[in-house]
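Each chain is listed here by its residues.
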Amino acid sequence: FYGEGAKGRDLLADVLVALATASPETGYCQGMNLVVGALLETAARAGSLEDDHKIILSAVEERRCQRKAFWLCHAIAHGGPKSTPKDSRLALSELWRPGMPSLQMRAFQLDQLCQTYLPKLRVHLKRSGLAPTQLAAQWYLTLFAYVVDASWLPALFDAIFRDGWKAVHRIAL
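Now for a quick tour of the structure. What you see is a predicted model, and the numbers here were worked out from it, not measured in a lab.

### Some remarks on the nonpolar core
Part 1 of the reasoning: Ranked by internal contacts, the top residues of the largest apolar core, which has 47 residues, are Trp96, Tyr140 and Leu143.
Part 2 of the reasoning: Every element with two or more residues in this core is listed here: helix H1 (8-22), helix H2 (32-44), helix H3 (59-78), helix H4 (93-96), helix H5 (103-117), helix H7 (132-141), helix H8 (153-163) and helix H9 (165-172).
Part 3 of the reasoning: At eight residues, H2 tops the list of elements feeding residues into this core.

Now the structure itself:
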């Protein structure tokens with residue numbers, strides 16, 4: 001899908017440009033490419049990232065995958081339907097905006113959760129010089145696509161779509 005001569009990179013670039021155009025206040029943030037790439041590949045593989053065979057899509061299928069990835073990423077960025085309780089919406093655009101305005105809050109939440117549920121790990125991380133901001137940035141900006149095996153991402157994304165930040169924090173722990 002992303003190998004030499006494959007169209008995955010072009011499809012990815014098109015979706016990223018469309019997202020930046022649709023949300024100029026957010027624009028593009030490093031990490032979005034991993035989220036959109038995983039969504040695109042999941043759409044192209046019909047919901048699974050476990051199959052290693054080469055993906056060949058028609059032009060119509062390519063556009064369908066791009067639309068799915070765009071709208072899923074848009075929902076991730078802007079929190080989904082307004083009927084969803086505000087505290088459970090993901091609204092990742094707050095992390096993806098210039099200056100990453102909510103990253104410190106999410107890192108603080110991760111630190112507090114570690115203190116409550118994994119105190120020995122938290123002490124070890126502190127001694128090792130790892131701050132929650134470092135972990136939260138890499139994990140949260142990419143919704144774990146940078147650090148988790150690709151075959152797990154569809155299931156993680158399902159949980160994240162269903163439960164919002166609660167799922168993100170549970171996965172982090």
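### Structural notes on the packing of H8 against H9
Part 1 of the reasoning: Viewed as axis vectors pointing N to C, H8 and H9 meet at an angle of 140°, and their least axial separation amounts to 6 Å. On the basis of the axis angle, H8 is oblique to H9. Along its contact with H8, which presents Leu156, Ala159, Ile160 and Asp163, the element H9 presents Trp165, Lys166, Ala167, Val168, Arg170 and Ile171.
Part 2 of the reasoning: Class assignment for the residues of the contact of H8 with H9 results in seven nonpolar, no polar and three charged.

### A word on the pattern of salt bridges
Part 1 of the reasoning: Following the criterion strictly, the structure yields six salt bridges and no others.
Part 2 of the reasoning: A salt bridge links lysine 7 to glutamate 62; the nearest nitrogen and oxygen atoms lie 3.6 Å apart. Of this pair, lysine 7 sits in the segment before H1 while glutamate 62 sits in helix H3, and the two are 55 residues apart along the sequence.
Part 3 of the reasoning: Residue classification places glutamate 62 among the buried positions, given a relative accessible area of 8%.
Part 4 of the reasoning: Arginine 162 is paired through a salt bridge with aspartate 163; the nearest N and O atoms lie 3.3 Å apart.

### Focus: H9
Part 1 of the reasoning: All of the buried residues along H9 are Trp165, Ala167, Val168, His169 and Ala172.
Part 2 of the reasoning: Where H9 is buried, its residues meet H4, H5, H7 and H8.

### Some words on H8
Part 1 of the reasoning: Inspection of H8 places Leu153, Pro154, Leu156, Phe157, Ala159 and Ile160 among the buried residues, and these make up the whole buried set.
Part 2 of the reasoning: As for H8, its buried residues are in contact with H2 and H9.
Part 3 of the reasoning: Of the residues trailing H8, glycine 164 is marked for its positive phi of about 60°.

### Quick notes on the packing of H1 against H3
Part 1 of the reasoning: With their axes 10 Å apart at the nearest point, H1 and H3 run at an angle of 40° to one another. Classed by the angle they form, the pair H1 and H3 counts as oblique. Between H1 and H3 lies a crossing whose hand is right-handed. Every residue of H3 that contacts H1 at Asp10, Leu11, Asp14, Val15, Ala18, Leu19 and Ala22 is listed here: Glu62, Arg63, Gln66, Ala69, Phe70, Cys73 and His74.

### Overview of the side chain of arginine 106
Part 1 of the reasoning: Note on placement: arginine 106 falls in helix H5.
Part 2 of the reasoning: Among buried Asp, Glu, Lys and Arg side chains, arginine 106 stands out as unpaired, with glutamate 94 the closest opposite charge at 8.5 Å.
Part 3 of the reasoning: Among all residues touching arginine 106, those that are not within four sequence positions of it are Leu95, Tyr140, Trp165 and His169.

Cut-offs applied
Residues numbered from 1 in each chain as written. Predicted model: local features only at pLDDT ≥ 70, side-chain atom pairs only at ≥ 80, totals over all residues. Heavy atoms only, no water. Core = buried A, V, L, I, M, F, W, Y, C linked by side-chain atoms within 4.5 Å. Buried < 20%, exposed > 50% of the residue type's maximum accessible area, 1.4 Å probe, protein only. Helix = DSSP H or I, 4+ residues; strand = E, 2+ residues; numbered from the N terminus. Axes fitted to C-alpha atoms, helices over the stretch in contact; angles between N-to-C directions. Parallel < 35°, antiparallel > 145°, perpendicular 65-115°, else oblique. Contact = heavy atoms within 4.5 Å. Nonpolar A, V, L, I, M, F, W, Y, C, P; charged D, E, K, R; others polar. Salt bridge = Lys/Arg side-chain N within 4 Å of Asp/Glu carboxyl O. Left-handed = near helix turned anticlockwise from the far one by under 90°. Lys, Arg positive; Asp, Glu negative; His and termini not counted.

Read these as geometric descriptors, not functional statements.
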